[in-house]
Amino acid sequence: MPTLPVRIVVILGLAAFLSLSLDAAARVRPTPAAPLAFPTSTLAFPTPSDDSVAVPLAFPTPPATPPAAPLAFPTPPVTPPAAPSAFPTSPADPVAAPQSAPLTVYLPLIARPEPYPPARRDIELEFIRLINLERAALGRRALREEPRLTQAARRLAYDLAARGTVSHIGSDGSTPASRARDAGYPWWSGEVALGAAVDAADAVKIYRTSPPHWNDLMNPDSTVIGVGVAPVLVGPSAGRRVAIPAMLGYDPPPPEGEVVAALLARINALRAERGAPPLTLNAALNAVARRVADDLTARNVCGTLPSHGPLTLDDWARDAGYGGSVTTRHNVTCPYDPVQLPCGLDASFGGASADEVARRIMEYGAAGAPCSGNFSHNRLADSTQTDVGIVFYRWGAVVVTGRSP
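Structure report, in brief.

Thresholds, definitions, all that
- Residues numbered from 1 in each chain as written.
- Predicted model: local features only at pLDDT ≥ 70, side-chain atom pairs only at ≥ 80, totals over all residues.
- Heavy atoms only, no water.
- Phe/Tyr/Trp six-rings, centres within 6.5 Å; stacked < 30°, edge-to-face > 60°.
- Helix = DSSP H or I, 4+ residues; strand = E, 2+ residues; numbered from the N terminus.
- Buried < 20%, exposed > 50% of the residue type's maximum accessible area, 1.4 Å probe, protein only.
- Pairing = 2+ DSSP bridges.
- Contact = heavy atoms within 4.5 Å.
- Axes fitted to C-alpha atoms, helices over the stretch in contact; angles between N-to-C directions.
- Polar contact = N/O pair within 3.5 Å; in protein donor to acceptor, adjacent residues only side chain to side chain.
- Parallel < 35°, antiparallel > 145°, perpendicular 65-115°, else oblique.
- Left-handed = near helix turned anticlockwise from the far one by under 90°.
- Nonpolar A, V, L, I, M, F, W, Y, C, P; charged D, E, K, R; others polar.
- Core = buried A, V, L, I, M, F, W, Y, C linked by side-chain atoms within 4.5 Å.

Turning next to the packing of aromatic side chains. Aromatic ring pairs: the centre-centre distance and the angle between the two ring planes describe each pair. Per the stated rule, a full pass over the model turns up three aromatic pairs. Note on Tyr 116 and Tyr 158: the rings are 5.8 Å apart at their centroids and 35° apart in plane angle, and the pair reads as tilted. Taken together, the residues Tyr 116 in the loop between helix 1 (3-27) and helix 2 (121-137) and Tyr 158 in helix 3 (residues 147-163) connect sequence positions 42 residues apart. A single burial state applies to Tyr 116 and to Tyr 158, both of which are buried. The interplanar angle of 85° and the centroid separation of 5.1 Å between the aromatic rings of Tyr 185 and Trp 187 together place this pair among those described as edge-to-face. For Tyr 185, a relative accessible area of 2% puts it in the buried group. Residue Trp 187 is classed as partly exposed on the basis of its relative accessible area, which comes to 24%.

Right, dumping it as structure tokens:
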């Protein structure tokens with residue numbers, strides 16, 4: 001049957017074709033496809049030729065850098081704090097320090113700050129310069145600044161500026177003498193007070209119109225000065241003017257013990273010339289003399305008897321334990337002169353030797369001297385006296401003589 005062989009031939013032909021195709025396919029090995037390649041860049045790292053070990057995927061990392069600093073804002077260079085006020089001072093200026101910023105108002109002045117800071121140091125120095133020019137025109141010595149008197153003057157300046165007034169009595173009850181003493185310089189010779197001035201030149205102009213103030217500033221015996229300045233805080237001058245008080249003084253006198261010894265030697269020399277026995281220092285009479293001097297100082301008077309009321313010097317001597325009688329009290333001072341210093345002697349002691357002070361005191365007791373009635377040589381040479389008490393104080397000497405029982 002012709003149909004069957006044709007089909008067989010076709011099937012055998014197809015089988016042979018497939019067999020040949022498979023054999024050809026087995027003989028031909030296709031080349032492995034190359035990996036997908038991208039253009040190289042700095043982000044690609046070379047891979048080793050041995051690709052048997054896969055290279056981990058690597059990403060670029062920046063070079064190692066220190067940790068970033070915290071967010072910082074630009075800051076100005078560090079500079080020292082600015083001074084509270086600019087005024088000319090020299091390195092040797094002992095009064096310019098300490099500074100204060102801003103100006104502090106001390107109210108009330110019961111608990112007073114020490115030391116008092118300078119509010120306007122430039123005005124303080126300028127005032128001293130102008131006053132010394134005026135003194136030079138009169139042939140007077142220049143005043144030196146005394147830091148302790150400057151503190152006393154500033155104390156009053158702050159007080160006047162806070163009250164808007166002018167007074168020599170502070171709101172705390174202080175006086176010129178107590179302010180000088182509190183500042184550690186009791187050798188003051190005068191105080192001037194001005195409650196409102198524009199500047200140093202204005203203050204000098206105002207002081208010149210007041211004879212008592214001007215005489216204090218021109219006093220030939222004064223050697224030192226302290227000036228205080230504080231802005232006025234109340235009244236019509238507030239914020240526009242300054243208070244400018246000043247305190248004047250003289251050089252410290254020699255120690256009291258040296259003056260007492262020198263004065264006793266001169267008194268006994270006088271007694272020897274008059275044929276009287278020497279006097280002996282007595283502690284009880286010294287206490288009486290001190291009481292007299294303290295009384296005169298407290299009352300700011302001189303040349304007058306102490307304000308002991310009905311008591312006498314004998315009563316004071318008994319209080320001090322003196323068994324004899326006090327017959328004479330000598331006080332080497334002069335009547336009060338409102339234009340010059342109270343009693344006129346104290347400033348002349350400044351810077352003098354003990355013997356020079358004793359000589360001046362004795363001269364004041366010579367016949368015809370201004371104070372011969374208070375410090376009589378005849379009384380000092382009284383031959384009936386045996387004991388003596390001597391006190392040297394700011395206005396001279398108090399000498400109390402007595403007779404032992």
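Moving on from the model shown.
The subject of this paragraph is the environment of Leu 380. Position of Leu 380 relative to the elements: it lies in helix 11 (residues 377-380). Take Leu 380: its relative accessible area is 0%, and that puts it in the buried class. Linking Leu 380 and Asn 268, residues 112 residues apart in sequence, is a C-alpha distance of 8.8 Å.

So, on to the pairing of strand 10 (residues 396-403). The element strand 10 is extensively covered by neighbouring structure, given that seven of its eight residues are classed as buried. In terms of strand pairing, strand 9 (residues 387-393) meets strand 10 through seven bridges, oriented antiparallel. What sits directly across from Asp 387, in strand 10, is Gly 402.

Taking strand neighbours across the sheet as the criterion, the four strands line up as 1-3-6-2 in an open arrangement whose pairing is mixed. Of all strands in the sheet, those with a lone pairing partner are strand 1 (144-145) and strand 2 (188-192), marking the two edges. Pairing geometry for strand 2 and strand 6 (residues 246-249), over four bridges, is antiparallel. Its bridge partner lying in strand 6, Val 192 is registered against Ala 246. Contacting strand 1, strand 2, strand 3 (224-227) and strand 6, helix 3 crosses the sheet at an angle of about 35° to strand 3.

Another point: the environment of Arg 240. As for its placement among the helices and strands, Arg 240 is situated in the loop between strand 4 (230-231) and strand 5 (242-243). The class of Arg 240 is exposed, set by a relative accessible area of 51%. With 43 residues separating them in the primary sequence, Arg 240 and Ala 197 have C-alpha atoms 8.6 Å apart. Among the polar contacts made by the side chain of Arg 240, one reaches the main-chain carbonyl oxygen of Pro 236 at a distance of 2.7 Å.

What follows is about the side chain of Asp 315. Within the secondary structure, Asp 315 sits in helix 9 (residues 313-319). On the accessibility criterion, Asp 315 (18% relative accessible area) is buried. A distance of 2.2 Å separates a polar atom in the side chain of Asp 315 from a polar atom in the side chain of Arg 318.

Next up on the list: the packing of helix 2 against helix 5 (residues 200-208). With their axes 8 Å apart at the nearest point, helix 2 and helix 5 run at an angle of 45° to one another. Classified by the angle between their axes, helix 2 and helix 5 sit oblique to one another. Seen from above, helix 2 lies across helix 5 with right-handed handedness. Counting all contacts with helix 2, which are made through Ile 123, Glu 126, Phe 127, Leu 130, Ile 131 and Glu 134, the residues of helix 5 involved are Ala 200, Ala 201, Ala 203, Val 204, Tyr 207 and Arg 208. The class makeup of the residues in the contact of helix 2 with helix 5 is nine nonpolar, no polar and three charged.

The next subject is the nonpolar core. Within the largest apolar cluster, 23 residues are counted, with the highest numbers of intra-cluster contacts made by Phe 127, Ile 131, Leu 217, Ile 225, Val 227 and Ile 244. Residue assignment for this core shows that the elements contributing at least two residues are helix 2, helix 5, helix 6 (211-217), strand 3 and strand 6. A per-element tally of this core places helix 2 first, with five residues. Excluding anything up to four places from it in sequence, Ile 244 contacts Ile 123, Phe 127, Leu 194, Ala 197, Asp 199, Ala 203, Tyr 207, Val 227, Gly 228 and Val 229.

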